[in-house]
There are 2 protein chains.
Amino acid sequence: MDLDRLVADARAGVPRAVGRLISLVEDGSPRRRELAATLAPYTGHARVVGLTGSPGVGKSTTTSALVTALRADGRRVGVLAVDPSSPFSGGALLGDRVRMGEHATDPGVFIRSMATRGHLGGLAAATPQALRVLDAAGCDVVLVETVGVGQSEVEVVALADTTVVLLAPGMGDGVQAAKAGILEVADVFVVNKADRDGADATVRELQHAMSLQRRETGPSWRPPVVRTVAASGQGIDDLVAALDAHHAWTAEHGRLAEGPRRRARAEIEAIALAELRGRIRALAGAGSPDRLAERVVAGELDPFAAADELVASVRG
Amino acid sequence: MDLDRLVADARAGVPRAVGRLISLVEDGSPRRRELAATLAPYTGHARVVGLTGSPGVGKSTTTSALVTALRADGRRVGVLAVDPSSPFSGGALLGDRVRMGEHATDPGVFIRSMATRGHLGGLAAATPQALRVLDAAGCDVVLVETVGVGQSEVEVVALADTTVVLLAPGMGDGVQAAKAGILEVADVFVVNKADRDGADATVRELQHAMSLQRRETGPSWRPPVVRTVAASGQGIDDLVAALDAHHAWTAEHGRLAEGPRRRARAEIEAIALAELRGRIRALAGAGSPDRLAERVVAGELDPFAAADELVASVRG
């Protein structure tokens, strides 16, 4: 595989080249390292917008409506639909692809489902790398949509420059949001399906919860609550305006580097931990995880002592 | 906190003591190590049954119906509802608790939602520890129900002695199951909501997919497909029989130790990786993750070289 050629094609916007490069990082190819170096000069332009929320709030529909609005504005858009390594999420992703079908022939849109099965920190490592591919391919905005819920997705959302948390009326999400601390991660709230009963109550709950938050010292961004009916496109222009307002605020306050730094930090930590996990799994003989596990089951060793042995072994 | 007293109370079946001990492992208490040693003599009896499947297939209803059936049979039952560290899953868990309400006053049932927020391998480490608490408390069977889907849950399901994969008609799950390789992890399939249209098709798809599987060399267990309508209790006795048949087969083939070994292995690896992650995050100065991330953003270092530095630092 000619990496320079693929990167050149990706920069020219050839979808197949973009797809092959993302597959390469997703599969954990040994050439990821070379790719990172090759892409480096062409990155740093794209803004990353994360969208998350419970199943059923309308993340895919909102993502699709956002793509339409951003394209109408002449911006190049990438979409990464993140699958938390689940054997069950195939269905949802097929659904996404169907709903995204209207953008399939638009050369200004790249859509990709990410599935990194089984390897630790897989998403945390692969997502920033896939974002660099889309960045180098000329995307102005990359939407990272997390399907479902889970630890992995929360980590992925933390990689965004702007994080959008979606809620829908009648799901008890407002209260849960307040309890679970998602107020702190959201830069923009969307109350989707805002034509349904209970939308006002959801907005009120959110605003109340925000009013109780402790203020940061110094200037702080106050997350707006945008009402949308993504299925009809209603409110999507307001959402685009809110995203742009957050970006402008970030720039004004000298914080544009924070997102890239968070992504870099998550990526290097994930790569390092994957490497350490590989070393643990490669341990052989009496110090191997299998043999230590047998001794734990036999009652000869407690699990913490066994873990100490693993740590000592990888530390050499 | 008097750990010996709490363990004695837990062994006597005092729910509050069981709950406090599980909180202790869930919170990553430094006394987990002492607890593991204290519990060790009293464990090794409980069978662990994992239940998983897409949202909407009826996992909680099935779990609740199983509890009823196992209790009617005189068995003590534990339930761990596993929450993959999500800020959004609170709602679903509240739902579980409501549905489990009918068992709330039964002293032979312990029900617990597990939520381990943010720490790597949290579930993989804490779940086996919570299982030991329930084991020592005299549970004959512990049902581990994973809410939603995600990498963490798949890891948790791999901890079970018997893994139940639930499907429901009309969700396209049969095909997805075949594609995603869940045939290999399931010991028992449940087609729930079997009174709905499409149940026969789902059963046929599953059986077809299984017929295409490569046979293991040596004796292999052939996962039965059980039809249930968990909401009315229909088929639940068949499910209990299938679980017992799998247990009996495992015993006959000398494989009873495999589940405990898998749990021990996952646990010690998770504890070791959490320790290594802690060491990475504690690195200070020029070799700290934050400083390395800044150099990556500045283009002075590629992320793989930065990760190498982290690995070298923790290896001392």
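See the structure printed just above.
Residues numbered from 1 in each chain as written. Chains lettered and ligands numbered in written order. Predicted model: local features only at pLDDT ≥ 70, side-chain atom pairs only at ≥ 80, totals over all residues. Heavy atoms only, no water.

(A) Representation of the overall build of chain A. Within chain A, the regular secondary structure consists of 13 helices and seven strands. By the burial criterion, 54% of the 316 residues in chain A qualify as buried. Considering only contacts in chain A between residues 6 or more positions apart, those separated by 24 or more positions represent 75%. As displayed, chain A offers around 12900 Å² of accessible surface, 50% of which is attributable to carbon and sulfur atoms. (Helix = DSSP H or I, 4+ residues; strand = E, 2+ residues; numbered from the N terminus. Buried < 20%, exposed > 50% of the residue type's maximum accessible area, 1.4 Å probe, protein only. Contact = heavy atoms within 4.5 Å. Areas by Shrake-Rupley, 256 points an atom, 1.4 Å probe, with all protein chains shown as cover.)

(B) The nonpolar core, seen in detail. In this structure, Ile268(A), Leu276(A), Ile280(A), Ile268(B), Leu276(B) and Ile280(B) are the most contacted members of the largest nonpolar core, which totals 40 residues. Those elements that place two or more of their residues in this core are α11 (258-281), α12 (289-297) and α13 (303-314) of chain A together with α11 (258-281), α12 (289-297) and α13 (303-314) of chain B. (Core = buried A, V, L, I, M, F, W, Y, C linked by side-chain atoms within 4.5 Å.)

(C) Summary view of the packing of aromatic side chains. Residue and element names in this part refer to chain A. By the definition in use, this model includes two aromatic pairs over all chains. Pairing Trp221 with Trp249 gives two aromatic rings, centres 5.9 Å apart and planes at 55°, and the pair type is tilted. Of the two residues, Trp221 sits in the loop between α9 (199-211) and β7 (225-227) while Trp249 sits in helix α10 (residues 236-252), which places them 28 residues apart along the sequence. Since its relative accessible area comes to 14%, Trp249 is described here as buried. (Phe/Tyr/Trp six-rings, centres within 6.5 Å; stacked < 30°, edge-to-face > 60°.)

(D) Summary view of the pattern of salt bridges. One pass over the full model with this rule turns up 36 salt bridges over all chains. Where Asp308(A) meets Arg33(B), a salt bridge forms, and the shortest distance between an N and an O atom there is 2.7 Å. Of the two residues, Asp308(A) is situated in helix α13 and Arg33(B) in helix α3 (residues 32-39); the pairing between them involves two chains. Assessed through its relative accessible area of 39%, Asp308(A) is described here as partly exposed. Ionic pairing is found between Arg75(B) and Asp244(B), a salt bridge with its closest N-O pair at 2.8 Å. A residue pair is termed long-range when its members are at least 10 positions apart, and Arg75(B) in the loop between α4 (59-72) and β2 (77-83) and Asp244(B) in helix α10 (residues 236-252) qualify at 169 residues. Through salt bridges that share partners, Arg265(A), Glu269(A), Arg277(B), Arg281(B) and Asp290(B) make up one connected network. (Salt bridge = Lys/Arg side-chain N within 4 Å of Asp/Glu carboxyl O.)

(E) Quick look at the pairing of strand β5 (residues 162-167) of chain A. Residues and elements named next belong to chain A. The element β5 is largely enclosed, with a buried count of six among its six residues. The side-chain alternation of β5 yields two buried faces, one formed by Thr162, Val164 and Leu166 and the other by Thr163, Val165 and Leu167. In this sheet, β5 lies alongside strand β1 (residues 47-52) in parallel orientation, the contact comprising four bridges. Bridge assignment links Thr52 to a residue of β5, and that residue is Val165. Where β5 and strand β6 (residues 188-191) come together, four bridges link them in parallel fashion. For Val165, the partnering residue across the bridge sits in β6 and is Phe189. (Pairing = 2+ DSSP bridges.)

(F) Local environment of the environment of Val142(A). Residue and element names in this part refer to chain A. Of note, Val142 is situated in strand β4 (residues 141-146). Taking the relative accessible area as the measure of exposure, Val142 reaches 1% and is therefore buried. For the pair Val142 and Ala46, spaced 96 residues apart in sequence, the C-alpha to C-alpha distance is 6.6 Å. For Val142, the residues in contact, after removing those within four places along its chain, are Ala46, Arg47, Val48, Val49, Gly78, Leu80, Leu131 and Leu134.

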